[in-house]
Amino acid sequence: MTETSPTSDPVPSAVTSTEPVQAAPSDGSASSEGANRAVVRIPANHLMATLLGPADEYLDVIEQSFDDTAVHIRGNEITADGPESTNVVRLFEELLVVAEAGQRIDPGVVARTIDMVRADEAPSKVLTSTVLRRNVGGNVRPKTAGQKRYVDAIANNLVTFGIGPAGTGKSWLAVATAVQALQAKVVDRIVLTRPAVEAGERLGFLPGDLMAKVDPYLRPLYDAMHDMVGAEGAARLLERGTVEVAPLAFMRGRTLNSSFIILDEAQNTTPEQMKMFLTRIGFGSKAVITGDRTQKDVATGRSGLDGLAEVLVDIDGVAFVELTRRDVVRHRIVAEIVDAYERADERAQSARPPDTSAQGSRERRS
């Protein structure tokens with residue numbers, strides 16, 4: 001499924017102008033002829049304070065990100081001089097739309113908006129869209145363009161694979177879309193499942209009945225459900241059977257109709273388990289499969305996610321969305337850790353000697 005990134009619409013409440021600037025250097029250095037100046041005028045003082053942040057905190061983030069472009073503030077007028085002046089002004093326009101929509105601006109929002117502007121995406125459309133309206137804790141919204149594509153893919157397809165590193169909101173957004181579908185009566189129940197695989201440890205005997213034994217593996221799904229409807233709401237849904245949380249092994253032999261089914265930690269399924277799960281989907285159902293290829297704990301080493309995109313490529317209604325470190329919405333250090341591991345993997349791949357075993361076999365046979 002091919003998706004294109006939307007472009008930003010002009011903001012009617014902000015006045016923007018762009019004009020060429022020719023600077024004549026006095027020190028004999030190369031002329032900056034062709035550099036651009038862009039100006040945006042913010043319509044209200046309170047919006048100006050929101051965009052700049054307390055003690056100009058957000059302005060500092062912007063200036064550090066666009067260090068080749070000077071940003072000047074005079075009253076309600078923001079002027080940018082330099083090669084990225086257009087991007088700087090568009091950034092303020094996008095943040096203005098977000099602020100006027102009543103959304104909270106913080107350094108994380110500013111940083112993600114900068115990334116989206118540089119990628120020619122529309123931050124205001126991403127950050128003001130709503131996945132789920134909650135009574136407490138604020139509405140659930142995508143925070144990056146990748147998350148927006150993920151949510152849109154879930155809405156437009158019967159089976160959606162969300163693949164990406166930790167912290168990209170794969171499971172959290174999947175549960176949010178499931179709750180929204182349940183509240184809209186699109187489905188009658190939600191089924192949350194994941195393989196009961198230990199993350200490199202042997203926990204040994206666990207006390208209690210069967211569900212007590214598997215509960216620790218399913219706790220992240222419980223936590224996400226509590227975030228969406230509260231602890232009491234989640235308990236009521238579980239008691240009525242409207243929400244079912246079960247290990248993947250319990251899915252065999254079932255046909256799930258009118259259900260929103262989420263398979264979490266799918267990188268820890270075997271190919272046989274993945275086939276079994278995908279063939280459980282019944283009429284009126286929707287499935288979301290989430291996974292992180294870099295965190296496999298499956299005992300055989302063969303993950304049900306490996307090569308699956310090539311197998312299902314021609315099936316209508318199946319979508320694969322790849323999330324990246326740009327979609328990490330946890331602490332910034334999480335994105336940096338993901339980057340560090342990716343670089344280490346690339347170095348290991350490049351240092352690995354080429355596999356000549358097949359060539360040697362051919363030579364021996366000849």
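**Quick notes on the overall build of the chain**
Point 1. The helix and strand tally for the chain stands at 12 helices and 10 strands.
Point 2. Buried residues in the chain amount to 43% of all 366 residues.
Point 3. Pairs at least 24 residues apart make up 71% of the contacts formed inside the chain by residues separated by at least 6 positions.
Point 4. For the chain, the computed accessible surface area is about 19600 Å², with 51% contributed by carbon and sulfur atoms.

**Remarks on the sheet that holds strand 10 (residues 318–322)**
Point 1. Taken in spatial order, the 6 strands of this open sheet run 7-6-8-9-5-10, and their pairing is parallel. This sheet does not close on itself; its edge strands, each paired only once, are strand 7 (243–247) and strand 10. Taken pair by pair, the neighbouring strands of this sheet meet at an average axis angle of 15°, ignoring direction.
Point 2. As paired strands, strand 8 (residues 259–263) and strand 9 (residues 286–291) are joined by 4 bridges and run parallel to one another. Pairing of Phe260 across the sheet is with Lys286, part of strand 9.
Point 3. In this fold helix 9 (residues 271–278) packs onto strand 5 (159–163), strand 6 (189–194), strand 8 and strand 9, with an angle of close to 155° to the strand it touches most, strand 9.

**Side note on the packing of aromatic side chains**
Point 1. Summed over all chains, the structure comprises 1 aromatic pair.
Point 2. Seen in terms of ring centroids, Phe161 and Phe320 are 4.3 Å apart; in terms of plane orientation they differ by 5°. Their pairing is stacked. Of this pair, Phe161 sits in strand 5 while Phe320 sits in strand 10, and the two are 159 residues apart along the sequence.
Point 3. Directly above the aromatic system of Phe66 lies the positively charged group of Arg118, at a separation of 4.3 Å from the ring centroid.

**Focus: the pairing of strand 8**
A regular strand places its side chains on the two faces of the sheet in alternate fashion.
Point 1. Among the 5 residues in strand 8, 5 count as buried, and that is most of the element.
Point 2. Burial along strand 8 is two-sided: Ser259, Ile261 and Leu263 and Phe260 and Ile262, pointing in opposite directions, are all buried.
Point 3. Taken together, the 5 bridges between strand 6 and strand 8 define a ladder with parallel strand orientation. Bridge assignment links Leu192 to a residue of strand 8, and that residue is Ile262.
Point 4. Each parallel crossover has a hand, and for strand 8 linked through helix 9 to strand 9 it is right-handed.

**Some remarks on unusual backbone geometry**
Point 1. Residues other than glycine seldom take positive phi values, yet Ala55 does so here, at roughly 55°.
Point 2. Unusually for a residue other than glycine, Glu265 sits at a positive phi of about 55°.
Point 3. Looking at the element boundaries, Glu265 is found in the loop between strand 8 and helix 9.
Point 4. Given the relative accessible area of 25%, Glu265 is considered partly exposed.

**Examining helix 3 (residues 85–100)**
Point 1. For helix 3, with 16 residues, the first-to-last C-alpha span of 23 Å sits near the 22 Å given by 1.5 Å per residue.
Point 2. Taking burial as the measure, the 16 residues of helix 3 include 12 buried ones, the bulk of the element.
Point 3. Among all positions of helix 3, only Ser85, Val88, Val89, Arg90, Leu91, Phe92, Glu93, Glu94, Leu95, Leu96, Val98 and Ala99 are buried.
Point 4. Note on helix 3: the residue one or two positions beyond its end, Gly102, has a positive phi of about 85°.

**Considering the pattern of salt bridges**
Point 1. Under the counting rule described, the total for this entry stands at 16 salt bridges.
Point 2. Here Arg293 ties to Glu322 by a salt bridge, and the two come within 3.1 Å at their closest N and O atoms. With Arg293 in the loop between strand 9 and helix 10 (308–311) and Glu322 in strand 10, the pair connects residues that are 29 residues apart, well separated along the chain.
Point 3. You can call Arg293 partly exposed: its relative accessible area is 34%.
Point 4. Given the relative accessible area of 44%, Glu322 is considered partly exposed.
Point 5. Connected via shared salt-bridge partners are Arg90, Glu94 and Asp120.

Thresholds applied
Residues numbered from 1 in each chain as written. Predicted model: local features only at pLDDT ≥ 70, side-chain atom pairs only at ≥ 80, totals over all residues. Heavy atoms only, no water. Helix = DSSP H or I, 4+ residues; strand = E, 2+ residues; numbered from the N terminus. Buried < 20%, exposed > 50% of the residue type's maximum accessible area, 1.4 Å probe, protein only. Contact = heavy atoms within 4.5 Å. Areas by Shrake-Rupley, 256 points an atom, 1.4 Å probe, with all protein chains shown as cover. Pairing = 2+ DSSP bridges. Axes fitted to C-alpha atoms, helices over the stretch in contact; angles between N-to-C directions. Phe/Tyr/Trp six-rings, centres within 6.5 Å; stacked < 30°, edge-to-face > 60°. Lys NZ or Arg CZ within 6 Å of the ring centre and 35° of its normal. Right-handed = clockwise from strand over helix to strand, strands pointing away. Expected span 1.5 Å × (residues − 1). Salt bridge = Lys/Arg side-chain N within 4 Å of Asp/Glu carboxyl O.

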